[in-house]
Amino acid sequence: MKIVQELLFTKEFVGRVEWLGSATVREGKMQTPDRVELVTNQGIRGEHHLRDSGESERQVTLIQQEHLPVVAGLMGLEAADPGAVRRNIVVSGINLAALRSQRFKIGEAVLKGTGDCAPCSRMEKTLGVGGYEAMIGHGGITAVVEIGGAVCIGDTVRGDESTNVQHF
């Protein structure tokens, strides 16, 4: 495992926030603000997944923009709407799979990846029949908020060795 850890962050990849979404109620319409506030150990302010301190490992969900055309292609769609996949943050230019158990900085906040964001049966409704299957392996990651702060469209996403130590 140590060798694999050493291979991570040998090159600094910098991603970009492309889209933000949140829903105030479960299964509610996704709102698409230009800015969200991440609350330490809780999630996105105003989002229905917001939890009291440390209750969930799914405080924020992220997906790579590069995966949306793959999902659309599998579904026979022209494009996959980020709101349909029900993720909070769409990023480009960085491999989220490499961050699924790492700390990373996004905008003013620091998150820690907690694992893969598996699709749910709701994908059948939002993407159409076969949506669940199309999302397998393309669903992004879940994360917890270690240090809260604002995240805006256009902000950078950095997963490098400097964010995996205690000093910022």
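A short tour of the structure in this document, coming up. (Residues numbered from 1 in each chain as written. Predicted model: local features only at pLDDT ≥ 70, side-chain atom pairs only at ≥ 80, totals over all residues. Heavy atoms only, no water.)

### Quick word on the overall build of the protein
The number of helices and strands found in the protein is four helices and 10 strands. Taking all contacts inside the protein whose residues are at least 6 apart in sequence as the whole, residues at least 24 apart take part in 74%. Here the protein displays about 8700 Å² of accessible surface, and carbon together with sulfur accounts for 51% of that area. (Helix = DSSP H or I, 4+ residues; strand = E, 2+ residues; numbered from the N terminus. Contact = heavy atoms within 4.5 Å. Areas by Shrake-Rupley, 256 points an atom, 1.4 Å probe, with all protein chains shown as cover.)

### What to know about the pairing of strand β7 (residues 109-116)
Strand direction decides the pairing type here: strand β6 (residues 103-106) and β7, joined by four bridges, are antiparallel. Directly across from K105, in β7, lies its bridge partner V110. Counted along the chain from β6 to the antiparallel partner β7, the turn is two residues long, and its residue G107 has a positive phi close to 60°. Sheet analysis places β7 next to strand β8 (residues 141-147), joined by six bridges and oriented antiparallel. Bridge assignment links V110 to a residue of β8, and that residue is I147. (Pairing = 2+ DSSP bridges.)

### Observations concerning the layout of surface pockets
Space inside the largest pocket adds up to approximately 320 Å³. H48, H49, R58, R86 and C120 are, among the 15 residues lining the largest pocket, the residues nearest its centre. Of the residues contributing to the lining of the largest pocket, the split by class is three nonpolar, five polar and seven charged. Of the pockets and cavities examined, the second largest pocket occupies roughly 210 Å³. Of the residues in the lining of the second largest pocket, the class split is seven nonpolar, seven polar and two charged. (1 Å grid on protein atoms, 1.4 Å probe; cavity = no way out; pocket = protein on both sides within 12 Å on 5 of 7 lines; lining within 4 Å. Points joined across faces, edges and corners; volume = space filled by probe spheres on them. Nonpolar A, V, L, I, M, F, W, Y, C, P; charged D, E, K, R; others polar.)

### Looking at the pairing of strand β5 (residues 89-92)
Along β5, one buried face is formed by I89 and V91 and the opposite face, lined by V90 and S92, is buried too. Here strand β1 (residues 14-20) runs beside β5; their pairing, made up of four bridges, is antiparallel. Opposite R16, over in β5, you have S92 as the bridge partner. One ladder, built from three bridges, connects strand β4 (residues 60-64) with β5; its direction is parallel. Its bridge partner being in β5, L62 is matched across the sheet by I89. Handedness of the β4-helix α2 (residues 68-75)-β5 crossover: right-handed. (Buried < 20%, exposed > 50% of the residue type's maximum accessible area, 1.4 Å probe, protein only. Right-handed = clockwise from strand over helix to strand, strands pointing away.)

### Remarks on the sheet that holds strand β2 (residues 35-39)
Strand order in this open sheet of three strands is β3-β2-β9, and the pairing throughout is antiparallel. Every interior strand has two partners, whereas the edge strands, β3 (43-44) and β9 (149-152), have only one. As paired strands, β2 and β9 are joined by four bridges and run antiparallel to one another. Among the inter-strand pairings, V36 is bridged to a residue of β9, identified as V151.

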